[in-house]
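Geometric and topological summary
So you can see what is in the structure, the chains are spelled out below.
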Amino acid sequence: MPPLPSLLGTCRAPAQPAQPSGDTAPGDPRAFEAALGDAELLAARAALARGRWQPVRSLLAHTGDEWDRRGHRITVLAQEPSTEARVRAWLLAEPGSADATALLALTLVHRALTGREEPDRARAACHAAATLAPADPTPWLGLLLLARALGPEPDLWRAFAELRLRHPEHHHGHHLIVAALAERPAAARPESHEAYDLAERAAAQAPADSPLAVLPVVAHTERHRHLAATGLAPADPAAAGHWGGRRARRALRAAFDWWLEWEHDDHPRRHLDLNHLAFAMSAAGRPAEAAALFHRIGPHATREPWSYLGGDPRTAFHAARARALGLPSAPGLPNSDVRPDPLAPPAPTVFE
């Protein structure tokens, strides 16, 4: 696969990044589930909370070089309050474990993003993990998360380049870089933006079955997020007419057609793509397509992009879902009545 054109020479100072997302407090009924339906990950995470790191060791060994899945699983495990203590115990039992070192690095990254760790310690841990496992893009994902939130911008592009060198279709990494690019000033024409350019190149260069086919939709959604956050557009993309342009419509149609033909039931972050597609179809006034996507999503709502509307993301998700499926809204939402939603999922419990 040919490399994306270099962006290192075109960097401008980044806008203030969105705050890193994650689960709400344990037990909060409005929480979003970061594991995205990964049953093996949920079991290993539960064991970790009970003080047992061995199931996590087995999980990561079994994951092997499925890099998107490895990055997803390590990122989710890194959010657990007990992970740092458990992984240090693992390293005492198995010094030099590349899996344990990578998990520790991403744990320190998560702590740095939430103000509980020095960023330099997290960066050093990521570099140590990268040295132990040179082929693994996951330590570079950690460095990309840090640079996305804290800078400096040259670190963002270096981490993305190193990550792509190891896994050219890295899903999480492309989402992060598109979100960063979306915060740059636009060119003269509203539909011309480098976030769209990068997303379209990445989708075109990826294999036909790659979920990066949805990346142009993500780019348009992230661009509107920034425009709304800076007061340049209404928070509701439907009110802003954000999906009315030719480029946006083309991106949405291509992504939906890809989903119909190529959907990967086993991709670890597929629910994030489905939520982005459902969000965009809802905003574009395409209820039939949105309904098909909501049926596929089931209980796996994700915080992003529903939080981009400026209110409670679960409320936004269920309201859009009810409109698409022709169902009454949940209590407290517009147009609610006494009839229950026969397809209402359990309270969805996502870390992007």
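Anyway, here's the lowdown on the structure attached to this text. (Residues numbered from 1 in each chain as written. Predicted model: local features only at pLDDT ≥ 70, side-chain atom pairs only at ≥ 80, totals over all residues. Heavy atoms only, no water.)

1. Considerations on unusual backbone geometry
Short version of the rule: Numbering of helices and strands starts at the N terminus; helices are DSSP runs of H or I of at least 4 residues and strands are runs of E of at least 2.
Residue Pro152 follows Gly151 across a cis peptide bond; omega there is -5°. Within the secondary structure, Pro152 sits in the loop between helix H7 (138-150) and helix H8 (153-166). The omega angle of the peptide bond from Glu304 to Pro305 is 10°, so this bond is cis rather than trans. Mapped onto the fold, Pro305 is located in helix H16 (residues 303-306).

2. A word on the pattern of salt bridges
The test is simple: Salt bridges are defined by distance alone: a side-chain nitrogen of Lys or Arg within 4 Å of a carboxyl oxygen of Asp or Glu. Each residue's exposure class comes from its accessible area (1.4 Å probe, protein chains only) as a fraction of the maximum for that residue type: buried when under 20%, exposed when over 50%, partly exposed otherwise.
Enumeration over the complete set of coordinates arrives at 25 salt bridges. For Arg45, the salt bridge goes to Glu33, with nearest N and O atoms at 3.0 Å. Of this pair, Arg45 sits in helix H1 (residues 39-49) while Glu33 sits in the segment before H1, and the two are 12 residues apart along the sequence. Residue class for Arg45 comes out buried when judged on its relative accessible area of 13%. For Glu183, the salt bridge identified is with Arg225, shortest N-O distance 3.0 Å. One end of the pair, Glu183, is in the loop between helix H9 (171-181) and helix H10 (194-205); the other, Arg225, is in helix H11 (residues 215-229), with 42 residues separating them in the sequence. According to the relative accessible area criterion, Glu183 is buried, its value standing at 6%. Take Arg225: its relative accessible area is 10%, and that puts it in the buried class. Taken together, the shared-partner salt bridges in this structure form one network comprising Arg148, Glu183, Glu222 and Arg225.

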